[in-house]
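Residues per chain are reported as follows:
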Amino acid sequence: MKSVWHLALTLLVWFSPLALANSAAPVLLTGAEQPAKYLPLLKGKRVGLLVNQTSVVGEQHLVDFLLAQNIQVVAIFAPEHGFRGNHDAGAAIANGTDSRTGLPVWSMYGASKKPSPEQMQALDIILFDIQDVGVRYYTYISSMHYMLAAAAEFSKPMLVLDRPNPNGAYVDGPVLDLAFQSFVGMHPIPLLHGMTVGELALMIKGEGWIAQADKLTLTVIPVANYQRQQAYTLPIPPSPNLPNQQAIKLYPSLGFFEATPLSVGRGTDFPFQVIGYDKFATDGFAFTPVSTPGAALKPPLMDQLLHGEDLRHVPAGGLTLSYLMRWNQLFDSHAKTLFSAPEFMDKLAGTDQLRLQIAAGLSEAQIRASWQPQLQLFLKQRQAYLLYP
């Protein structure tokens, strides 16, 4: 009888709310959600912010949070898609004024991709806090690069509030050849690099990928209780055409289609979750892209009935070449060229080899094998900059 009561008492303690709370995993906190670690660095300073709609502290935007803490925010720098995240992909961002705060908004995606000397001289410190998706051709890390370079040039400290990488479990794809460097690929890293923006910032400085890197004072506030392999669902869409987790997971594989005449769903409710064409198709799924201000004003194949693939519910994650190779075979069978913008394809891939390998009919296994030596070198190179297990 004693053993039965002992078992009952043990179960009661084990399943009590207090025991469950104590056994729960530690709460993940982004860099922005740890203000005690960065507010002292900002007090009494003229602060410039490179931020967008994903820069939040709980339910509050970082700009509003800092102003409430009496931090002297001087200006906001806007990346691609703008400060509020409501501009089309590739649309130039103009300088302006934020209607909510009255702060000047300076573009880093317009006539210039980097701050002017006058803008930098008005600041004491720069803060970067933007949610990335871990894919090399997603341009927020390019804007971070230019801001790091400006901070080094003008001897301004830079603070990065880190956020998880929703594709952090993957290191895959070709490593960029600097001969193909562009705003959609600035660093000799794989397409999927498996690093956070904080880790990348440390690597950009540490590897000397910006001029005068040794002059840069860089501080990263890491994500608390985070491991790169863990699943992380973004609370706010990082850009208009990555509206959900499925799009974010498919983006590494479907981004290459931007260099083809096909549609990946821009101008629909499911961008980067479908593939379609108006001349021929792989199955019976159909959709019609339409003008969608703020996301796709003039999407590819606008107002055309397209047939193709519905990927909204397929298992997704990492990088697959199967979609690209299947459509290449279909185009070949119609004596058409899939890569209608070959130079852009090479910029997205960071090399011309991927396009040439697909055109030559190599298998996905053969193409992947060609990446391995550089991937292994990268894994060793990045080790010194990793903040998370």
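Parameters at a glance
- Residues numbered from 1 in each chain as written.
- Predicted model: local features only at pLDDT ≥ 70, side-chain atom pairs only at ≥ 80, totals over all residues.
- Heavy atoms only, no water.
- Helix = DSSP H or I, 4+ residues; strand = E, 2+ residues; numbered from the N terminus.
- Rg over C-alpha atoms; globule rule 2.2 N^0.38 Å.
- Buried < 20%, exposed > 50% of the residue type's maximum accessible area, 1.4 Å probe, protein only.
- Areas by Shrake-Rupley, 256 points an atom, 1.4 Å probe, with all protein chains shown as cover.
- Lys, Arg positive; Asp, Glu negative; His and termini not counted.
- Charge placed at Lys NZ, Arg CZ, Asp CG, Glu CD.
- Core = buried A, V, L, I, M, F, W, Y, C linked by side-chain atoms within 4.5 Å.
- Contact = heavy atoms within 4.5 Å.
- Phe/Tyr/Trp six-rings, centres within 6.5 Å; stacked < 30°, edge-to-face > 60°.
- Lys NZ or Arg CZ within 6 Å of the ring centre and 35° of its normal.
- Salt bridge = Lys/Arg side-chain N within 4 Å of Asp/Glu carboxyl O.
- Pairing = 2+ DSSP bridges.
- Axes fitted to C-alpha atoms, helices over the stretch in contact; angles between N-to-C directions.
- Parallel < 35°, antiparallel > 145°, perpendicular 65-115°, else oblique.
- Left-handed = near helix turned anticlockwise from the far one by under 90°.
- Nonpolar A, V, L, I, M, F, W, Y, C, P; charged D, E, K, R; others polar.

Trainee: Residues and numbers for the overall build of the protein, please.
Mentor: On a plain count of helices and strands, the protein comes out with 12 helices and 14 strands. For 389 residues, the compact-globule formula gives about 21 Å, and the C-alpha radius of gyration of the protein, at 23 Å, lands near that figure. Taken along its principal axes, the extent of the C-alpha atoms in the protein is 80 × 70 × 40 Å. Taken over 389 residues, the protein has a buried fraction of 52%. Accessible surface, the protein as shown: approximately 16900 Å² in total, 57% of it carbon and sulfur. Averaging the locations of the 27 positively and 29 negatively charged side chains of the protein gives two centres separated by 6 Å.

Trainee: Now, about the nonpolar core: what can you tell me, with residues and values included?
Mentor: A general tendency of soluble globular proteins is for nonpolar side chains to be buried together. Grouped together as the largest cluster of nonpolar side chains are 84 residues, with contacts concentrated most on M158 and F256. If you tally residues by element for this core, the top one is helix 6 (residues 140-153), at 8 residues. When residues no more than four places from it in sequence are discounted, the contact partners of F256 are Y137, L191, L319, L324, M345, L348, A349 and L354.

Trainee: Describe the packing of aromatic side chains, with residues and values.
Mentor: Per the counting criterion, the structure on display carries 15 aromatic pairs. Between Y251 and F272, the aromatic rings sit 5.1 Å apart at their centres with planes inclined by 80°, giving edge-to-face as the arrangement. Of the two residues, Y251 is situated in helix 8 (residues 245-254) and F272 in the loop between helix 8 and strand 12 (274-277); the sequence distance between them amounts to 21 residues. Using a relative accessible area of 10% as the deciding quantity, one classes Y251 as buried. One aromatic cluster in this structure is built from Y137, Y138, Y140, Y251, F256 and F272. If you follow K113 out to its NZ or CZ, it ends over the ring of F183, 5.3 Å from the centre.

Trainee: Pulling in residues and values, what's your account of the environment of A36?
Mentor: Structurally, the position occupied by A36 is in helix 3 (residues 35-42). A residue is classified by how much of its surface remains accessible, and A36, at 69% relative accessible area, is exposed. For the pair A36 and P240, spaced 204 residues apart in sequence, the C-alpha separation works out to 32 Å.

Trainee: I'd like a rundown of the pattern of salt bridges, residues and numbers included.
Mentor: The final tally for this structure, using the stated rule, is 10 salt bridges. The closest approach of N and O atoms between R266 and E258, which form a salt bridge, is 2.5 Å. What makes E258 partly exposed here is its relative accessible area of 28%. K279 serves as the salt-bridge partner of D278, at 3.1 Å between the closest nitrogen and oxygen. Salt bridges here are not isolated pairs; linked through shared partners, they connect D172, E364 and R368.

Trainee: Can you tell me about the sheet that holds strand 13 (residues 285-287), naming the residues and giving the values?
Mentor: With respect to topology, 3 strands assemble into an open sheet ordered 12-14-13, the strand pairing being antiparallel. One side of each edge strand has no neighbouring strand; the edge strands of this open sheet are strand 12 and strand 13. Within the sheet, the average angular offset between the axes of one strand and its neighbour, ignoring direction, is 40°. The sheet contact formed by strand 12 and strand 14 (residues 306-310) spans 4 bridges and is antiparallel. Looking at strand 14, one finds that G276 is bridged to G308.

Trainee: Could you give an account of helix 7 (residues 197-206), naming the residues involved and the relevant values?
Mentor: Burial analysis of helix 7 places 7 of its 10 residues in the buried class, which makes it a mostly covered element. On the buried face of helix 7, the contacting elements are strand 7 (125-129), helix 6, strand 8 (158-161), strand 11 (218-221) and helix 12 (364-382). Positive backbone phi, at 70°, marks G208, one or two positions downstream of helix 7.

Trainee: Which residues make up the packing of helix 6 against helix 7, and what values go with them?
Mentor: Look at helix 6 against helix 7: their axes get within 11 Å of each other, and the N-to-C directions meet at 45°. Comparing their axes, helix 7 and helix 6 come out oblique. Crossing of helix 6 against helix 7: the hand is right-handed. In this structure, helix 6 uses I141, M144, H145 and L148 to contact helix 7, whose residues at the interface are V197, L200, A201 and I204. Residue classes in the contact of helix 6 with helix 7 are distributed as 7 nonpolar, 1 polar and no charged.

Trainee: Could you give me a rundown of unusual backbone geometry, with the residues and numbers involved?
Mentor: The phi dihedral of N70 is positive, around 60°, even though this residue is not glycine. Note on placement: N70 falls in the loop between helix 4 (62-68) and strand 4 (72-78). Despite not being glycine, Q212 has its phi angle at roughly 55°, a positive value. For Q212, a relative accessible area of 35% corresponds to the partly exposed category.

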